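What follows is the residue order along each chain.
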Amino acid sequence: MNIGILSTAHMHVYSYMAALRRLGVPIVGIYDDDAERGRRAAEATGVPFFPDAEPLLAQVDAVVVCSENANHKRDVLAAARHGRHILCEKPIATSVADALEMIRACQQAGVILQMAFPVRYIAAVRQLRDLVQAGRLGRILAMRGTNHGYMPGGWFIDHRLAGGGAVMDHTVHVADIMRWILGAEVRRVYAEIDNRVHQKDIDDCGILTIEFDNGVFATLDPSWSRTDAYPIWGDVTLEVVGSGGTASLDAFAAHLNVYSVQDGKGVHEGYGEDMDYYLIKDFVETVAAGRQPLVDGVDGLRAMEVALAAYESAARGEPVEVTLAAV
Amino acid sequence: MPNIHVLLVGAGTMGRVHAAAYAKLPDVSLVGIVDSDREAAEALARVHGVPATYSDLTTALHDVACDVVDLCVPTHLHSTYAVAAAERGKHVICEKPIARTLDQARAMLDACRTYGVQLLVGHVVRFFPNFVRAKALMESGRIGQVAVARMFRGGQFPRGWDDWYRDVDRSGGVMLDLMIHDFDFLRWTFGPVARVYAKSVHDAAAPLAYALCTLRFQSGVIAHVEGSWAHEGFSTRFEFAGSQGILEEDSRYTAPLWVHERASAATGRAADGGGAAAGGVAVPLSPVFVNPYEAEIDHFIRVIRGEETPRVTAMDAYEALRIALACAESAQTGRPVALGD
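Keep in mind it's a predicted model, so treat the numbers as computed, not measured.

**Brief notes about the UniProt feature "domain: GFO/IDH/MocA-like oxidoreductase" (unreviewed entry) in chain B**
If you check UniProt for "domain: GFO/IDH/MocA-like oxidoreductase" (unreviewed entry), the listed places come out as residues 131–248 of chain B in our numbering. End-to-end, the C-alpha atoms of residues 131–248 of chain B are 10 Å apart, and along that stretch the chain is 25% helix and 42% strand.

What follows is the structure, given as structure tokens:
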């Protein structure tokens, strides 16, 4: 099996390529519509640069799409046309219509559309899901999640390319694991969203309240509220409250505190497992086996719908009923 | 300096905490303890050498000369007791929340104003050094403009007289009884609240309660307040994220002393973590020589002497109740609730 990279807009592309190397999967080349960015990535990784996507698509079995959110559709449709399996960076797209078009195109072409939700590949998240599904916490009543991070800048703060700011960028990770752990769908969303941290023209903070169709309520903080002074880029946490107990997940808790004059501040040196590696490994195995992916396009759509509902709620000042788009 | 005479009503967990605080103050005398459980009143009176005990407030007010009535009774009783004390010209010290309903709270405010006595409500978080320092740091601009405040407060479901915490009609549940501390602190720090949205669960049978509230302040600050009577071991956490930095504390990691006594049938001691289990309600240990409850009671006595102005006014307590009730209403109706002015 060999792989092509469609765009290097999203920085995750570097850890995905490192994981592919570790697995011994050949990377045929990098295509990027921003030739300068693509050449830079190609040079840094020692992979050939393709100024056009078509010749690259002609040579590969599967692609990793790491373009800007709004360009996922373009790249996924191109790969599907060539019958190539796809791992797509999150969020799936910036609109329901785009996501549906992508999902249907992949269905019709008979190719795998897997979403890059790396949080599902954290061992503690798996264990938490197993505990919940085995009933160890009784009936689940509530959840409280966070996915904080630095403000990434660049195209992430360009509405046209990103489809939104912190809420679009960070809601999807935790919304996805909440859905996955509960085995339930989002029914209603309320959100307070603002732009108070970075003085950029895009949302950078907020609190979402999410209700699921099994009665569980949850909140989620997707803010880009970590500054450079903080010892780590961000977090993924999830508190689960059940009738039979509680569980507290801190996905990056495995760390050393490092205080070096070289850093100028105390930093966390994480020693947890590399979630991106397990994500890529699963994708490669899924393609090889031709099986249904763990996280598919519909999961990507459902997570994005939560972010879109949050924006709508904040604009209207009231809770929004989520109508799940029919696939 | 004339002695201040205090009549303490309620010999439960908070009554014991207040009694211990009075015992440390010079020129303050506990002159009586009232509790419907006369044995509990007598046991506490013996600890502090208090001369008289009563099983009802009316008799006590008739019988004993006092300047202050301190109410450490279930929330739904605050209003009747406070009004009775005010009518007799007694200053009122009262545990939080001020009352169970806004009408009850207004009756207390009116009576205390009419009879010219102080109404001092125990929003003790305003005396906790970690919270006081956090507020001062934010006001100094250390973390710039605050964007999102996150608060957690919680532990086990509290046990009290007649299991009154289980009964929302009497206690108001976790939002009124517990999270009101954070509502008051946030309002103290960020000003008036514009609107709230909340979700909660209260299972009296389990028992278990948990609530997640979003507060939007008129200043624009977004606050997330998590309150739990579903966890093991009491703790508080806060995180204030601003344009210039982050300020955070987790009380599980800031206690300078941890003592773990091995549970023993012989001593009847329970193994305990960071909190001192005073009866059925965990009270956190505080790493200072004067604990926040003592600082609060000392301050209240100074206010009554006319030496200090109240750090927390009766109106502050009323406003905190208004926020808590708005959250309860939102959780009930599923709608955001605007607070108005």
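There is more to say after this.
**Notes on the interface of chain A and chain B**
Each side of the interface is counted separately: chain A has 27 residues, and chain B has 26 residues. Counting residues per element, the ones that place at least two in the side of chain A that touches chain B are β7 (140–146), β8 (186–194), β9 (205–212) and β10 (217–221) of chain A. The biggest single contributor to the side of chain A that touches chain B is β9(A), with 4 residues. Classifying every residue of the side of chain A that touches chain B gives 11 nonpolar, 10 polar and 6 charged.

**Some details on the domain arrangement of chain A**
Residues and elements named next belong to chain A. Splitting chain A by domain gives domain 1 (3–111) and domain 2 (119–272 + 304–321). Spacing between the C-alpha centres of domain 1 and domain 2 amounts to 26 Å. Taken together, the contact between domain 1 and domain 2 spans 11 residues of the former and 11 residues of the latter. Here the residues of the side of domain 1 that touches domain 2 sort into 7 nonpolar, 2 polar and 2 charged.

**Some remarks on the packing of helix α4 (residues 72–81) of chain A against helix α5 (residues 96–109) of chain A**
Residues and elements named next belong to chain A. Interaxial distance between α4 and α5 falls to 9 Å at its minimum, and their mutual angle equals 10°. Between α4 and α5, the crossing angle belongs to the class labelled roughly parallel. Side by side, α4 and α5 meet where Lys73, Val76, Leu77 and Ala80 of the first sit next to Asp98, Glu101, Met102, Ala105, Cys106 and Ala109 of the second. Its residues assigned to classes, the contact of α4 with α5 shows 7 nonpolar, no polar and 3 charged.

**Observations concerning the sheet that holds β9(A)**
Residues and elements named next belong to chain A. With mixed pairing, the 7 strands of this open sheet are ordered in space as β12-β11-β7-β10-β9-β8-β15. The sheet is open, and its two edges are formed by β12 (245–250) and β15 (320–321), each paired on a single side. Pairing analysis gives 4 bridges linking β9 to β10, with the strands arranged antiparallel. Counterpart to Leu208 in the pairing with β10 is Leu220.

Rules of the game
- Residues numbered from 1 in each chain as written.
- Chains lettered and ligands numbered in written order.
- Predicted model: local features only at pLDDT ≥ 70, side-chain atom pairs only at ≥ 80, totals over all residues.
- UniProt positions renumbered as here; feature names shortened; annotations may be inferred.
- Helix = DSSP H or I, 4+ residues; strand = E, 2+ residues; numbered from the N terminus.
- Contact = placed C-beta atoms within 7 Å.
- Nonpolar A, V, L, I, M, F, W, Y, C, P; charged D, E, K, R; others polar.
- Domains from an automatic or database assignment.
- Axes fitted to C-alpha atoms, helices over the stretch in contact; angles between N-to-C directions.
- Parallel < 35°, antiparallel > 145°, perpendicular 65-115°, else oblique.
- Pairing = 2+ DSSP bridges.

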